[in-house]
Amino acid sequence: VQLQASGGGLVQAGGSLRLSCAASGRTFSRYAMGWFRQAPGKEREFVAAISWRGGTTNYPDSVKGRFTISRDNAKNTVYLQMNSLKPEDTAVYYCAAVYSDYLLSSPARYDYWGQGTQVTVSS
C-alpha cells in the first residue's frame, strides 16, 4: 500500500483544515488507517484511527471532539477533518495503514506510511 497525504497548510487558531490520504492498492479497504503527527523535537503522536470498515474510530483526549477521521473505500481515501485548531496542533501530519481488525494507537504497529503534510496553526 502506498499512501499520499495532502491538505496541510497555514490556518489561524479556531480555523479548520481537512487532510486527505490517498492510497494505492486493491486491498486498501482491508486496512485499518491512522493519523499521527510529529512536532519538532517531539515523538510521533497518535491522532486518530478508523477500522477497515469505517464503523469504529478512536481518538486521544487531546483531539476528541475537534477532529474526525473518516474513509471512503470506493475512493481509496481516508480523511481527517480538523476543527477548532489550536497552535499546539502544529506538526507534520502522517497517515498510516495496518492490516488489522483492531484500532491501534502505537505508530510502531503500522506497516505503511505517507510522506507527511505540514499543518501550522497561528495564534
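Draft legend 1. View of the overall build of the protein. Broken down by element type, the protein carries zero helices and 11 strands. In the protein, the order of α-helices and β-strands from amino to carboxyl end is β-β-β-β-β-β-β-β-β-β-β. In terms of overall size, the protein behaves like a compact globule, its C-alpha atoms giving a radius of gyration of 13 Å where 123 residues would be expected to give roughly 14 Å. Along the first, second and third principal axes, the C-alpha atoms of the protein reach 40 × 25 × 25 Å. Counting the 123 residues in the protein, one finds 43% classified as buried. In the protein, of all internal contacts separated by at least 6 residues, the share reaching a separation of at least 24 is 58%.

Draft legend 2. Quick look at the state of the cysteines. Counted by the stated rule, this structure contains one disulfide. Each disulfide pairs two cysteine sulfurs, and for Cys 21 the partner residue is Cys 95, the sulfurs being separated by 2.1 Å. On the S-S bond that ties Cys 21 to Cys 95, the torsion sits near 65 degrees, and the link is right-handed. Residue Cys 21 is found in strand S3 (residues 17-24), and its partner Cys 95 is found in strand S9 (residues 91-98); the two are separated by 74 residues along the sequence. The buried category is assigned to Cys 21, whose relative accessible area is 0%. Assessed through its relative accessible area of 0%, Cys 95 is described here as buried.

Draft legend 3. Focus on the packing of aromatic side chains. Overall, the coordinates contain seven aromatic pairs when judged by the stated rule. Summarising the aromatic geometry, the rings of Phe 36 and Tyr 110 are spaced 5.1 Å apart at their centres and angled 80 degrees between planes, so their arrangement reads as edge-to-face. Here Phe 36 is found in strand S4 (residues 32-38), whereas its partner Tyr 110 is found in the loop between S9 and strand S10 (112-113), with 74 residues between them in sequence. Taken individually, Phe 36 and Tyr 110 each receive the classification buried, so the pair is uniform in this respect. Its end group placed over the ring of Trp 113, Arg 44 keeps NZ or CZ at 4.8 Å from the ring centre. Over the face of the ring belonging to Phe 28 we find Arg 71, whose NZ or CZ atom lies 4.6 Å from the ring centre.

Draft legend 4. Expanded view of the sheet that holds strand S1 (residues 2-6). Across the sheet, four strands lie side by side as S1-S3-S8-S7; this open sheet has antiparallel pairing. Every other strand in the sheet has two partners, leaving S1 and strand S7 (67-72) as the edge strands with one partner each. Neighbour-to-neighbour, the strand axes of this sheet turn through a mean angle of 15 degrees, independent of strand direction. Taken together, the six bridges between S7 and strand S8 (residues 77-82) define a ladder with antiparallel strand orientation. Within S8, the residue paired with Phe 67 across the bridge is Met 82.

Conventions adopted
Residues numbered from 1 in each chain as written. Predicted model: local features only at pLDDT ≥ 70, side-chain atom pairs only at ≥ 80, totals over all residues. Heavy atoms only, no water. Helix = DSSP H or I, 4+ residues; strand = E, 2+ residues; numbered from the N terminus. Rg over C-alpha atoms; globule rule 2.2 N^0.38 Å. Buried < 20%, exposed > 50% of the residue type's maximum accessible area, 1.4 Å probe, protein only. Contact = heavy atoms within 4.5 Å. Disulfide = S-S within 2.5 Å. Phe/Tyr/Trp six-rings, centres within 6.5 Å; stacked < 30°, edge-to-face > 60°. Lys NZ or Arg CZ within 6 Å of the ring centre and 35° of its normal. Pairing = 2+ DSSP bridges. Axes fitted to C-alpha atoms, helices over the stretch in contact; angles between N-to-C directions.

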